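For reference, the chains in residue letters:
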Amino acid sequence: MKVPVIKRILDAQERIAAELKQLFDEKGILVINLMSSPGAGKTSILEKTIEALKDKLRLAVIEGDVQTSLDAERIARYGILTVQINTYGACHIDGNMVKEALPDLNLDEIDILFVENVGNLVCPAEFKVGEDYKVMILSVPEGDDKPAKYPLMFRESSVLLINKIDLLPFLECDLEKINKEALKVNPHLKNFPVSAKTGEGLEGWYDWLIEAFKAKNHEKKN
Amino acid sequence: MHELAIAEGILAIVQDQIETYKLKHVSCVKLKIGLLTAVVPEALNFCFDSLVKDTPLEKTNLKIELVPVKARCKNCGREFRHKKRMDFFFLCPICGGELEIITGKELLVEEIEGE
């Protein structure tokens, strides 16, 4: 017997993500799904962002890590509500994991929630965690061929932070090429060259975040 | 390895259908997988086999149809087919307009064969 099915394999996943999105929307929380390969600077950029914005906005972080709580400890130092998720081998965070973290978050006291995904340029692109935006970080030592090699990640992201530009003088990496290739994959991608080390370029990212938060809450809180 | 999560999704759908149609065994599950999803068929097979090992679904095969990436220019309406696996540019090479994806993002269970 042949049974026609036509079912989307990740349907259950997407339903959970949609429920989460609705919950975050009701609470007026801007949710950022932060993705990159390991070592591109997700935690460092989060640290800078928290330093810059923690007096203006109520921030919280869900830290996804395969094994340790090292990143969560780094973030918790800033006095920010931080929840650790260990994926124990899984290469990405999914909606279920975020749902499990909810009891540890007081959603009435959060303006922006960052979900720091597991370091990986492939899998996290496929899964929604209730976010408003996917934001990806590419660091220049990774090379300027990455948009062509990992198109889905660039395609799904709304913002690209090109990190470690302080290293450009020592590398054969063409910033213009990254920009051009990334826009070929995703013409809507907003692109900020930054250095988490020197702080260069991060103002634009902070402004984008504040604007995104305001836009989300335009009717809601004011 | 997002293949494992995808294999779990497939298994959940198959088990659902087994219950609905009171199937005793399932020989084949037909899948449509778009090339944009970056799923590696070998890895998906491996993950699925690991999940069904020592269960009644142990002999179930996955039949994976890979769907090429097709896109249409929003500006001039020309259609493009990306042949190479890693060449997914979404600007029209003729007019520079933005391409919208027609196919290539599928992750579907299409059909189940069983008794």
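These figures come from a predicted structure and were not determined experimentally. Along each chain, numbering runs from 1 in the same order as the chain's sequence is written. Each chain is given a letter, starting from A, and each ligand a number, starting from 1, according to the order in which they appear as written. Predicted model: local features are reported for residues with pLDDT of at least 70 only, side-chain atom pairs are reported and counted for 80 or more only, and whole-chain, interface and lining totals are derived from all residues.

All names here are of chain B. UniProt positions are given in the numbering used here, feature names are shortened, and annotations may be inferred rather than shown by experiment. Residues given the UniProt feature "binding site: Zn(2+)" (unreviewed entry) here are Cys73, Cys76, Cys92 and Cys95. Maximum C-alpha separation among the annotated residues is 8.6 Å over a sequence range of 23 residues, consistent with a single clustered spot. Backbone-placed C-beta atoms define the burial measure: a residue is buried with 20 or more other C-beta atoms within 10 Å of its own, exposed with 12 or fewer, and partly exposed in between. On the neighbour-count criterion, Cys76 (11 C-beta atoms within 10 Å) is exposed. Two residues form a contact once the distance between their C-beta atoms, set from the backbone, is within 7 Å. Those residues in contact with Cys76 that lie beyond four places of it in its chain are Cys92, Ile94, Cys95 and Gly97. Among the secondary structure elements, Cys92 is positioned in the loop between β4 (79-82) and β5 (99-103). For Cys92, a count of 19 C-beta atoms within 10 Å gives the class partly exposed. Sequence-distant contacts of Cys92, defined by excluding residues within four places in its chain, comprise Cys73, Asn75, Cys76, Arg78, Gly97 and Leu99. Going along the chain from the N terminus, every DSSP run of H or I of four or more residues is numbered as a helix, and every run of E of two or more is numbered as a strand.

A few words on the pairing of strand β8 (residues 190-193) of chain A. All names here are of chain A. Of the strand pairs in this sheet, strand β7 (residues 159-163) and β8 are connected by 4 bridges, and their pairing is parallel. From the neighbouring strand, Ile162 faces β8, where its bridge partner is Pro193. With the strands aimed away from the viewer, a crossover counts as right-handed if its path from the first strand over the helix to the second runs clockwise. Read as a crossover between parallel neighbours, the route from β7 over helix α7 (residues 175-185) to β8 is right-handed. Pairing between strands is defined by DSSP: at least two bridges between the two strands are required.

Residue and element names in this part refer to chain A. Those residues of α7 that fall on the buried side of the exposure criterion are Ile178, Ala182 and Val185. Considered in projection along α7, the buried side chains sweep an arc of 55 degrees and stay on one side of the axis. The elements touched by buried residues of α7 are β6 (133-139), α5 (146-149), α6 (151-156), β7 and β8. Read the arc as the range of directions from the helix axis to the C-beta atoms.

Time to look at the UniProt feature "binding site: Ni(2+)" (unreviewed entry) in chain B. Residues and elements named next belong to chain B. In the UniProt entry, the feature "binding site: Ni(2+)" (unreviewed entry) is given for His2. Along the chain, His2 falls in helix α1 (residues 2-21). What makes His2 buried here is the crowd of 25 C-beta atoms within 10 Å.

Here we have 4 strands laid out as an open sheet, ordered β1(A)-β6(B)-β1(B)-β2(B), and mixed in their pairing. Unpaired on one side and paired on the other, β1 (2-8) of chain A together with β2 (61-67) of chain B mark the two borders of the sheet. Ignoring which end each strand starts from, the neighbouring axes of this sheet average 20 degrees apart. Both β1(A) and strand β6 (residues 107-114) of chain B contribute to a ladder of 5 bridges, which runs antiparallel. Within the sheet, the bridge partner assigned to Lys7(A) lies in β6(B) and is Val109(B). Only the stretch in contact is used when a helix axis is fitted, and all axes are lines through C-alpha atoms; the angle between N-to-C directions ranges over 0 to 180 degrees.

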